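Architecture at a glance
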2 protein chains.
Amino acid sequence: MIIREKISNILKSTEYNKEVTVMGWVKTFRNNQFIALNDGSSMSNLQVVVDFANTPENILKKITTGAAISATGTMVESLGKGQTVEVKASKIEILGESDAEKFPLQPKKHSLEFLREIAHLRFRTNTFNAIFKVRNALSFAVHQFFNERGFVYLHTPIITASDAEGAGEMFRVTTLPFENTPRTDDGNVDFKEDFFGRSANLTVSGQLEGELGAMALGEIYTFGPTFRAENSNTTRHLAEFWMIEPEVAFADLEDNMNLAEDLLKYTIKYAIENCADELDFLTTRLVEEEKNKPQAERSDLTLMEKLNFCLENSFERLTYTEAIEILKRSKPNQKKQFKYLIDEWGADLQSEHERYLVEKHFKKPVILTDYPADIKSFYMRMNEPDEQGRKTVRAMDILFPGIGEMVGGSQREERLDKLQSRMDEMHIPQDELYWYLDTRKFGTAPHAGFGLGFERLVLFVTGMTNIRDVIPFPRFPKNAEF
Amino acid sequence: MIIREKISNILKSTEYNKEVTVMGWVKTFRNNQFIALNDGSSMSNLQVVVDFANTPENILKKITTGAAISATGTMVESLGKGQTVEVKASKIEILGESDAEKFPLQPKKHSLEFLREIAHLRFRTNTFNAIFKVRNALSFAVHQFFNERGFVYLHTPIITASDAEGAGEMFRVTTLPFENTPRTDDGNVDFKEDFFGRSANLTVSGQLEGELGAMALGEIYTFGPTFRAENSNTTRHLAEFWMIEPEVAFADLEDNMNLAEDLLKYTIKYAIENCADELDFLTTRLVEEEKNKPQAERSDLTLMEKLNFCLENSFERLTYTEAIEILKRSKPNQKKQFKYLIDEWGADLQSEHERYLVEKHFKKPVILTDYPADIKSFYMRMNEPDEQGRKTVRAMDILFPGIGEMVGGSQREERLDKLQSRMDEMHIPQDELYWYLDTRKFGTAPHAGFGLGFERLVLFVTGMTNIRDVIPFPRFPKNAEF
């Protein structure tokens, strides 16, 4: 058994004169005397004071940035700034050396681009320590939120033979060889010979299976990886990302909006309460970063202010139709500053429109509902046509400042006949989804759910701007490193 | 907004005379009067008493097994057995009909085999309600356990370009077509043209990436899906299953064993405390099921007794070498009842040997350590050879009664030179794993971790015997249904 004290515990303690052993990685070593030591348990380093006279020179030489050491000594009150306790070491042991010339993380500021290339080491920086602590806190908050409400965490399948949802391009999962691929008599690939006896893909969403759970267990949620084989090299998209998808029986669109707003506020609040140091650091980081931007592009609010603002205000709720009216009359539309001008009902909203609504018009998170049926998925509940005969569905999108779409959801079409005719219209094969239709045949009921892109929530809470910086090892076109 | 009271809340309440609306699925309807209603929130049904005289016949006719209804009425003290409260309905509304002739779930006992074929509906049975509630509780317990201890939940990648771990056959993830597959000049498949610019697979373990996290954040864990493309059609294997993999810096094998034993006891205890009804039901279910077995095959302990036994006893810890001695001298070995006789040191243990140790010899969970290097992975820390020159590694397997291997882990080889020579011996390309070796080059330190197969834990706690019954939609050879 290895006996050591975690640095996070020591930094909170005032048990002066206690003898402790700490282990961690050297951040800096000043004047052959002061080691800033970090073991990952805290963003803050512990100052370890070396007894220069009694430490062998071959040990001193190896106390370099990145080296792992064990230090045994006494906890003493610190006279230095920004810390109340330090460890006066009586013994230093080198666990693992780090060649200062070769170690890629020097004690200076590195660009995020550079750190992305050494994603296996970037966890050792303050920024990424903070990001992954916040990500961890948000994950736990998600589970705790649903657990408190009696939802069942359902592990929907990752590998799926159904590609009917049409949420995006899919990755094939196969064990068939490219050489001498088994063929049927008519020359097609014989997927009966593939591992699952049919063509299989990585899931784009657990929703359809989640509905099966909700229509029996009442309230479920998923929290797992989802995949899109889309060739988008943006700061907003990943080929592999984590999604949270609750689904609730006996719920309508309003219940759905309330649940999503509650979830977002709960998780943000949890992060504020449990990641004070990390959010403080990330707030300062963002202020520093924005100093390099022209005044006009800087945020009005700091990161912490933005998070608190979110908690203290209700999200603005309006229909797509109302949003279109606002956009039509908006300055950038009138002055033709939008790339895509809004001139008629039915247009899909582009990122510029969403940003205008959220960042300029309402200046807070917005929930848009009741989108035109033509631009939404088959499973969304059809509204009665309006007086002009326009067809909408009970969809909702939650738009966040700086992020865009954070949540997409809907009340589901629970009426078998309406669902079937919608599927026919959209060329979605009913026989493939017989199991989905069965929930409408046997005891159908109103139900609703949504998907929350977890990395987008982490982006919002950390104030980072590139989605590749908020997941440990990002997957995107031409990259599956580590 | 849909206003309804959850049945789990009503069953706990004594607010008699309160007017409530409940919604759920009809389990049974007796004497045109008593509905057993279930909304998934609880295993137990709520008795809804229909006002026969004032309920229209066309409504009465539609109160069939599987139908979804809404009932409004008064909470009254129940005179019936096994319940303290029921709802005297003044109004019944049919939300979704269920054709009694066609609904596959009749109010009778169905075989698990049959229910597997209708996995989209089996959530509505008591057995599967209980299983997935227990699974949910165990998941939450895992997160809470690590959260309390300051571990960071790390989402290691699902798609990986590394196939170096050698834990098993992998699924290919690709967007390349089987027709007109892009080829290099020398006729090979040109994976540069594939989505990730290289050949990619589904992960078999997050361990190697987890180590990268631990060697910076100190203590991490993963909890996500992992995959094996193995053609095993057994009651113990899935092609897609969930794994929990903690990894701890500054920890040795003993710390690792303690962590694993604590985790298992914590999660089992959590399930006992939070799933009393479900475990009660599953205990009775198992007793009933074992009645069909010959006396000799029945368990000595009931499910609840087995779980409590686990909590109250320390797991037996011994080395592989000690285990071999026990097995050599064992009756089934002497009487040649083992299929694979143990005659010399170095043999890999088969399921029959593990079962003997756990179920016959020690009669409790067992942790075996220090396995022969030849039968274990490259990343496990090498021990000094023993007096006979035999090489072992700091591995541990935790064996559970009725389950076999529940946990596999090790202290990792943190010494660069030893790791490199082991990789060379085992033909594992160092250049592909440069990032893994970097953790040994820059500040290496002792660390350890393990993998816990989540479905095996769910099997143990639910007393189920087929792994396909403890995951919502099992994936196995020739099956990716739903």
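Within an unreviewed UniProt entry, the label attached to chain A reads Asparagine--tRNA ligase, and the organism entered is Pedobacter psychrophilus. UniProt's Catalytic activity (unreviewed entry) comment on chain A is quoted here verbatim: "tRNA(Asn) + L-asparagine + ATP = L-asparaginyl-tRNA(Asn) + AMP + diphosphate + H(+)". Note on chain A: under the UniProt heading Sequence similarities (unreviewed entry), the record states "Belongs to the class-II aminoacyl-tRNA synthetase family."

**Things to note about the domain arrangement of chain A**
Residues and elements named next belong to chain A. We note that the domain assignment places domain 1 (7–104) and domain 2 (124–169 + 204–469) within chain A. The C-alpha-based centres of domain 1 and domain 2 are spaced at 45 Å. Listed as interface residues are ten residues of domain 1 and, on the opposing side, eight residues of domain 2. Summed over both partners, the interface of domain 1 with domain 2 comes to about 670 Å²; 46% of that surface belongs to carbon and sulfur atoms. There are zero salt bridges connecting domain 1 and domain 2. Remark: the boundary between domain 1 and domain 2 carries four residue pairs in polar contact (both at pLDDT 80 or more). In terms of residue class, the side of domain 1 that touches domain 2 is built from three nonpolar, six polar and one charged.

**Let's talk about the pattern of salt bridges**
Tallied over the full model, the rule gives 55 salt bridges over all chains. Between Glu481(B) and Arg198(A) there is a salt bridge, and its shortest N-O distance comes to 3.0 Å. Of this pair, Glu481(B) sits in the segment after helix H14 (454–462) while Arg198(A) sits in the loop between strand E8 (172–174) and strand E9 (200–202), placing the two residues on different chains. You can call Glu481(B) partly exposed: its relative accessible area is 23%. Among the residues examined, Arg198(A) registers a relative accessible area of 30% and is labelled partly exposed.

**Remarks on the packing of aromatic side chains**
Per the counting criterion, the structure on display carries 58 aromatic pairs over all chains. Geometrically, the ring pair formed by Trp435(A) and Tyr436(A) is edge-to-face, given 6.5 Å between the ring centres and 80° between the ring planes. Exposure class is identical for Trp435(A) and Tyr436(A). Each is buried. Arranged with centres 5.5 Å apart and planes meeting at 50°, the rings of Phe473(B) and Phe482(B) form a pair that is tilted. Owing to a relative accessible area of 2%, Phe473(B) belongs among the buried residues under this scheme. The class for Phe482(B) is buried, based on a relative accessible area of 6%. Taking NZ or CZ as reference, Arg440(A) lies 4.3 Å from the ring centre of Tyr436(A), over its face.

**Some remarks on the environment of Phe460(B)**
Residues and elements named next belong to chain B. Within the secondary structure, Phe460 is located in helix H14. Here the alpha-carbon distance between Phe460 and Pro225, two residues 235 residues apart in the chain, equals 19 Å. Every residue in contact with Phe460, bar those within four places of it in the chain, is listed here: Ile268, Leu303, Lys306, Leu307, Cys310, Phe400, Pro401, Ile403 and Met406.

**Quick look at the packing of helix H6 (residues 253–274) of chain B against helix H8 (residues 303–312) of chain B**
All names here are of chain B. Close contact between H6 and H8 brings their axes to 9 Å; oriented N to C, the two are set at 140°. Between H6 and H8, the angle falls in the class oblique. Seen along the crossing, H6 lies across H8 with a hand that is left-handed. Note on element contacts: H8 touches H6 through Met304, Leu307, Asn308, Cys310 and Leu311, opposite Lys265, Ile268, Lys269 and Ile272. Its residues assigned to classes, the contact of H6 with H8 shows six nonpolar, one polar and two charged.

**Looking at the sheet that holds E9(A)**
Strands sit in the order E7(A)-E9(A)-E8(A)-E8(B)-E9(B)-E7(B) across an open sheet of six strands; the sheet is antiparallel. Of all strands in the sheet, those bounded by a partner on one side alone are strand E7 (159–160) of chain A together with strand E7 (159–160) of chain B. Across two bridges, E7(B) lies against strand E9 (residues 200–202) of chain B in antiparallel orientation. From the neighbouring strand, Thr160(B) faces E9(B), where its bridge partner is Asn201(B).

**Describing the relation of the copies chain B and chain A**
Aligned on chain A, chain B shows an RMSD of 0.0 Å; the corresponding rotation is 180° and the shift along the axis is 0.0 Å. In symmetry terms, the pair is related by a two-fold rotation axis. Taking C-alpha positions as reference, the residue of chain B nearest the rotation axis is Val173(B), located at 2.4 Å. A shared interface surface links the copies, since 100% of the contact residues of chain B are contact residues in chain A too.

**Topic: the interface of chain B and chain A**
Facing the 118 residues of chain B at the interface are 118 residues of chain A. On inspection of chain B and its partner chain A, the count reaches seven salt bridges. When residues of the side of chain B that touches chain A are assigned to their parent elements, the largest contribution, ten residues, is made by helix H4 (residues 126–148) of chain B. Tallied by class, the residues present in the side of chain B that touches chain A amount to 59 nonpolar, 29 polar and 30 charged. Pairing of E8(A) with strand E8 (residues 172–174) of chain B involves three bridges; the strand directions are antiparallel. Residue pairing for E8(B): Arg172(A) is matched across the bridge by Thr174(B).

What counts, and at which threshold
- Per chain, residues are indexed from 1 in the order of the written sequence.
- In the order they appear in the text, chains get letters beginning with A and ligands get numbers beginning with 1.
- Restriction of local features to residues with pLDDT of at least 70 applies here, the model being predicted, together with a cutoff of 80 or more for giving and counting side-chain atom pairs; totals for whole chains, interfaces and linings are based on all residues.
- The basis for every side-chain value is the complete set of heavy atoms in the structure, and neither hydrogens nor water enter the calculation.
- UniProt positions are given in the numbering used here, feature names are shortened, and annotations may be inferred rather than shown by experiment.
- Bear in mind that the domain bounds are from an automatic or database domain assignment.
- Whether two residues are in contact is decided by their heavy atoms, any of which lying within 4.5 Å being enough.
- Buried area adds together the accessible area that both of two parts lose upon being put together, with accessible area traced by a 1.4 Å probe.
- The salt bridge definition used is simple: a Lys or Arg side-chain nitrogen within 4 Å of an Asp or Glu carboxyl oxygen.
- Counted as a polar contact is a pair of N or O atoms within 3.5 Å, where, for protein atoms, one must be capable of donating a hydrogen and the other of accepting one, and residues adjacent in sequence contribute only when both atoms are in side chains.
- Gly falls in the polar group here, along with every residue not listed as nonpolar (Ala, Val, Leu, Ile, Met, Phe, Trp, Tyr, Cys, Pro) or charged (Asp, Glu, Lys, Arg).
- Counting from the N terminus, the helices are DSSP H or I runs at least four residues long and the strands are E runs at least two residues long.
- Type-normalised accessible area, obtained with a 1.4 Å probe on protein chains alone, sets the label of each residue: buried when under 20%, exposed when over 50%, and partly exposed for intermediate values.
- Any two of the Phe, Tyr and Trp rings considered here, Trp counted by its six-membered ring, make a pair once their centres fall within 6.5 Å; the pair's planes then place it as stacked at under 30 degrees, edge-to-face at over 60, or tilted in between.
- Geometrically, a lysine NZ or arginine CZ counts as sitting over a ring once it is within 6 Å of the ring centre and also within 35 degrees of the ring normal.
- Fitting a line to C-alpha atoms yields each axis, with helices limited to the stretch in contact; the angle taken between N-to-C directions then spans 0 to 180 degrees.
- Working rule for angles: under 35 degrees goes down as roughly parallel, over 145 as roughly antiparallel, 65 to 115 as roughly perpendicular, anything else as oblique.
- Left-handed describes a crossing whose near helix is turned anticlockwise from the far helix by less than a right angle; the clockwise case is right-handed.
- For two strands to pair, DSSP has to find at least two bridges joining them.
- In superposing the copies, a least-squares fit is computed on C-alpha atoms, taking residues whose pLDDT is at least 70 in both.

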